[in-house]
Amino acid sequence: MPRSFLRLCAAGITALWMPLVAGAVEVSVRGASEGALSQGQADSLRAASLTATLDAAATPGDILAAAQADYGRLVAALYAEGYYGPVVRIALDGREAGAIDPVRPPSRVQSVVITVAPGPQFRFGTTRIAPLAEGTVVPPAFASGEIARVTVLREAASAGVDGWRALGHAKAAIGGQTLRAVHGAGRLDADITLAPGPQLRFGQLGVEVPSAVRTERILAIAGLPVGAVYSPQDVRRASTRLRRTGAFSSVVLREAEVANPDGTLDFSAALVDQPPRRFGAGGEVASLDGVTLSGYWLHRNFTGAADRLRFDAEIAGIGGTRGGTDYSVATRYTRPATRNADTDLFVEAEIAREDEEAFTQDVLTFGIGYTRYVSEAVEISVAIGLEAAETTDAFGTRDYVILALPLEGSADYRDDARDPLRGLYVGASVMPFTGVGSVDGGLHVTGDVRGYVTRDLARPVTFAARAQVGALMGASLDRAPSGLLFFSGGGGTVRGHSYQSLAVDLGGGQSAGGRSFLGLSAEARVRWNETIGIVGFADAGYIGRESVPNGSDGEWHSGAGLGLRYATGIGPIRVDLAMPVTGPEDETGLQFYIGIGQAF
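The paragraphs below set out a description of the structure included in this document. The structure displayed is predicted, hence computed values, not measured ones. (Residues numbered from 1 in each chain as written. Predicted model: local features only at pLDDT ≥ 70, side-chain atom pairs only at ≥ 80, totals over all residues. Heavy atoms only, no water.)

### Some remarks on the overall build of the protein
Step number 1: A count of helical and extended segments in the protein gives 6 helices and 29 strands.
Step number 2: Relative to a compact globule of 600 residues, whose C-alpha radius of gyration would be 25 Å, the protein shows 32 Å and is clearly more extended.
Step number 3: Projecting the C-alpha coordinates of the protein onto the three principal axes gives extents of approximately 95 × 65 × 60 Å.
Step number 4: Looking at the 600 residues of the protein, the share that counts as buried comes to 42%.
Step number 5: Partitioning the intrachain contacts of the protein with sequence separation of at least 6 by distance along the chain shows that 59% fall at a separation of at least 24.
Step number 6: Per element, the accessible surface of the protein, about 29400 Å² overall, is 58% carbon and sulfur.
Step number 7: The distance from the centre of the 53 positive side-chain charges to the centre of the 65 negative ones in the protein is 10 Å. (Helix = DSSP H or I, 4+ residues; strand = E, 2+ residues; numbered from the N terminus. Rg over C-alpha atoms; globule rule 2.2 N^0.38 Å. Buried < 20%, exposed > 50% of the residue type's maximum accessible area, 1.4 Å probe, protein only. Contact = heavy atoms within 4.5 Å. Areas by Shrake-Rupley, 256 points an atom, 1.4 Å probe, with all protein chains shown as cover. Lys, Arg positive; Asp, Glu negative; His and termini not counted. Charge placed at Lys NZ, Arg CZ, Asp CG, Glu CD.)

### So, the pattern of salt bridges
Step number 1: Within this structure, the stated rule accounts for 28 salt bridges.
Step number 2: Of the charged contacts, one joins E255 and K171 as a salt bridge, the two residues approaching to 3.1 Å between their closest N and O atoms. Note that E255 is positioned in strand β9 (residues 248–255) and K171 in the loop between α4 (150–166) and β6 (173–182), a separation of 84 residues in sequence.
Step number 3: Overlapping salt bridges bring together E284, R495, E523, R525, D539, R565, R574 and D576 as one network. (Salt bridge = Lys/Arg side-chain N within 4 Å of Asp/Glu carboxyl O.)

### A look at the sheet that holds strand β10 (residues 264–273)
By way of backbone hydrogen bonds, the strands of a sheet pair with one another, either parallel or antiparallel.
Step number 1: Taking strand neighbours across the sheet as the criterion, the 3 strands line up as β8-β10-β9 in an open arrangement whose pairing is mixed. The open sheet has two edge strands with one neighbour each: β8 (201–207) and β9. In this sheet, adjacent strand axes meet at a mean angle of 25 degrees when their direction is disregarded.
Step number 2: Sheet analysis places β9 next to β10, joined by 7 bridges and oriented antiparallel. Across the sheet, residue R254 finds its bridge partner in β10, namely S268.
Step number 3: Against the sheet, helix α6 (residues 232–244) touches β8, β9 and β10, its axis set at about 160 degrees to β9. (Pairing = 2+ DSSP bridges. Axes fitted to C-alpha atoms, helices over the stretch in contact; angles between N-to-C directions.)

### Brief notes about the sheet that holds strand β7 (residues 187–195)
Step number 1: The sheet built from 3 strands is open, its strands ordered β5-β7-β6 with mixed pairing. Both edges of this open sheet fall to β5 (123–130) and β6, since each of them pairs with a single strand only. Across the sheet, the axes of successive neighbouring strands diverge by a mean angle of 10 degrees, strand direction being ignored.
Step number 2: As paired strands, β5 and β7 are joined by 6 bridges and run parallel to one another. Considered in β7, the bridge of R123 is made with R187.

### Some details on the pairing of strand β21 (residues 442–455)
Step number 1: Where strand β20 (residues 423–437) and β21 come together, 11 bridges link them in antiparallel fashion. Opposite G427, over in β21, you have D448 as the bridge partner.
Step number 2: Between the antiparallel neighbours β20 and β21 lie 4 residues.
Step number 3: Two elements, β21 and strand β22 (residues 461–473), share 13 bridges in a ladder whose sense is antiparallel. Counterpart to R450 in the pairing with β22 is R466.
Step number 4: What sits between the antiparallel neighbours β21 and β22 is a turn of 5 residues.

### Brief notes about the side chain of Q361
Step number 1: Relative to the elements of secondary structure, Q361 occurs in strand β16 (residues 359–373).
Step number 2: A relative accessible area of 2% means that Q361 is categorised as buried.
Step number 3: A polar side-chain atom of Q361 sits 3.0 Å from a polar atom in the side chain of T391.
Step number 4: Setting aside anything within four residues of it in sequence, one finds Q361 in contact with A352, R353, E354, A389, E390, T391, Y400, S482 and G483. (Polar contact = N/O pair within 3.5 Å; in protein donor to acceptor, adjacent residues only side chain to side chain.)

### Quick look at the packing of aromatic side chains
Step number 1: On inspection of all chains with the given rule, the structure shows 11 aromatic pairs.
Step number 2: A centroid spacing of 5.5 Å and a plane angle of 45 degrees characterise the contact between F202 and Y230, whose relative ring orientation is tilted. Of this pair, F202 sits in strand β8 while Y230 sits in the loop between α5 (215–222) and α6, and the two are 28 residues apart along the sequence.
Step number 3: The buried category is assigned to F202, whose relative accessible area is 1%.
Step number 4: Linked through ring pairs, Y79, Y84 and F122 together constitute an aromatic cluster. (Phe/Tyr/Trp six-rings, centres within 6.5 Å; stacked < 30°, edge-to-face > 60°.)

### Describing the environment of L132
Step number 1: Looking at the secondary structure, you find L132 in the loop between β5 and α4.
Step number 2: For L132, a relative accessible area of 36% gives the class partly exposed.
Step number 3: Distance from L132 to L179, taken between C-alpha atoms, is 19 Å for residues 47 residues apart in sequence.
Step number 4: Setting aside residues no more than four positions away along its own chain, L132 makes contact with V138, G160, W164 and L194.

### Looking at the nonpolar core
Step number 1: Membership of the largest hydrophobic core comes to 23 residues, with the highest contact counts inside it found for L205, Y230, L242, F248, L253, F267 and L271.
Step number 2: Among the secondary structure elements, those contributing two or more residues to this core are β8, α5, α6, β9 and β10.
Step number 3: With 4 residues, the top contributor of residues to this core is β10.
Step number 4: With residues up to four places along the chain from it excluded, the contact list for F267 reads F202, Q204, L205, G206, L224, Y230, V235, R254 and E255. (Core = buried A, V, L, I, M, F, W, Y, C linked by side-chain atoms within 4.5 Å.)

### A few points about the side chain of S438
Step number 1: With respect to the secondary-structure elements, S438 resides in the loop between β20 and β21.
Step number 2: A polar atom in the side chain of S438 sits 3.4 Å from the backbone oxygen of D399.

### Overview of a nonpolar patch on the surface
Step number 1: A cluster of nonpolar side chains, namely F366, I368, Y370, V382, I384, L386, V401, L403, L405, L407, V430 and V436, defines an oily patch on the protein surface of about 990 Å² accessible area.
Step number 2: When residues of the nonpolar patch are traced back to their parent elements, those giving at least two are β16, β17 (378–393), β18 (396–404) and β20.
Step number 3: Mapping L403 onto the fold places it in strand β18.
Step number 4: Residue class for L403 comes out partly exposed when judged on its relative accessible area of 45%. (Patch = residues over 30% accessible without salt bridge, like charges linked within 9 Å, V, L, I, M, F, W, Y side chains within 5 Å.)

### A look at unusual backbone geometry
For residues besides glycine, phi is generally negative; the peptide bonds are generally trans as well.
Step number 1: With an omega of -10 degrees, the peptide bond running from A130 to P131 counts as cis.
Step number 2: If you check the backbone angles, A337 has positive phi at about 50 degrees while not being a glycine.
Step number 3: When you line up the elements, A337 lands in the loop between β14 (326–335) and β15 (343–355).
Step number 4: The class for A337 is buried, based on a relative accessible area of 7%.

Okay, structure coming up:
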């Protein structure tokens, strides 16, 4: 039996008896004559060190392995700061870690001392990167006299390659580089040569593994412009289109290693199908509004075209103190890439009963239209809609039909739609409609703007604000469809007041929705730790008789409170406690709201 194998077995048996020891890690820097690191740079070294992350459960073997790996990690961290002549020593109880046989680690490790002599910080001398594509912007830090960080070298090289790829040179690469460190002068000369290669055009897209989605539909959805000049942006858009369908859990587009003789470059799609069917359920609880229960069933690839069929059902107002119980059942069919790769067809229908304090309505709606994805953040939709309703409100019982042309758009620049920390969201809708029966035609307009800013403090704080606006023009209050009038109050507008509690007072105990609406909300969200968040919030809402909200003929109400957030994989669980502050309605007691996701 080989002696080396016996030594390995002996070392393994010995390790079973090794005590668990936590090493005290110290990072020190030598005198200024050999260069000095700032506190921030020393902290960066500590963050790069594996040894510094070990806890009391680490064995001497663990400590030795981490220490020996730290030589390369710390040198790389110093290179990133422009130190190209460092000396790194790591002592385990006074012994240099690099000289210790990893097969025979020490039996005990009581201290680990990392000593770094960074040497001088280098600055760029001569810098050159060529040839550059027209319009390429090289990082300003890649210039004579600037700190010669290795990260800057990488950024400059990437900018050069990306510049050529943006002009269709898909196989652009670094042709060569010469780096010369002049240690006596603390200078680094850098010369990077780029190899652009030929300009290429898009070839064919193939599918690597068979998918439940038909191949011709995959090609239509991806929308790679065969024959057009190669563009990385077109490749990213194709990937986004395929992901957007929801039919795939993973999408990777790979370019061929070698271009075709005719100057085209083929691609292959590595796709992993999602399970075709999915269902889910949700719920919210509010002390005044009652319980809301919802559920859905979804088929992601209904006919093999990555098309979606979804059914939704909801029961709201269970046990609420105002109005009755609302019911709705809706379905929506979506077919991606119908007119072109960025346009989806949708057909939707809903049947609902709304039993509110101001009106009761049975309604059937149907719509067909298109959604156009202008960019990854911006989308617009246009449809033809038909609605038939029977409504009982302060103006009596009315049967009517409206024909509408809704136009909607949104721009979502939030970092996370479920729990945003930064960014902006803007949504708007404009819907001209004409009425048949006991209602008139008009124009229905809504807007929604949300903004988020996070300050990275000891406990990060996110400031969130929201403004909503609504206007109904053309139809008078008594000739307007009840479902298009505006109300305020409840979890979606003003917490602390019950759902749709603010309306237009018609006298005699009668009320109706308004023709104008304003909603304002502000929150300060404090992340106490990775799981728990605390929120302070204030809401205000306005409902007016006038067609455009201007404060001339309406009322305001407001509420405020505190909330708790518990982070989960599907979004934060929300618990809000709120009380009314101002308004015509005098609710008694504290109101609570429980749901999933941020309030906005």
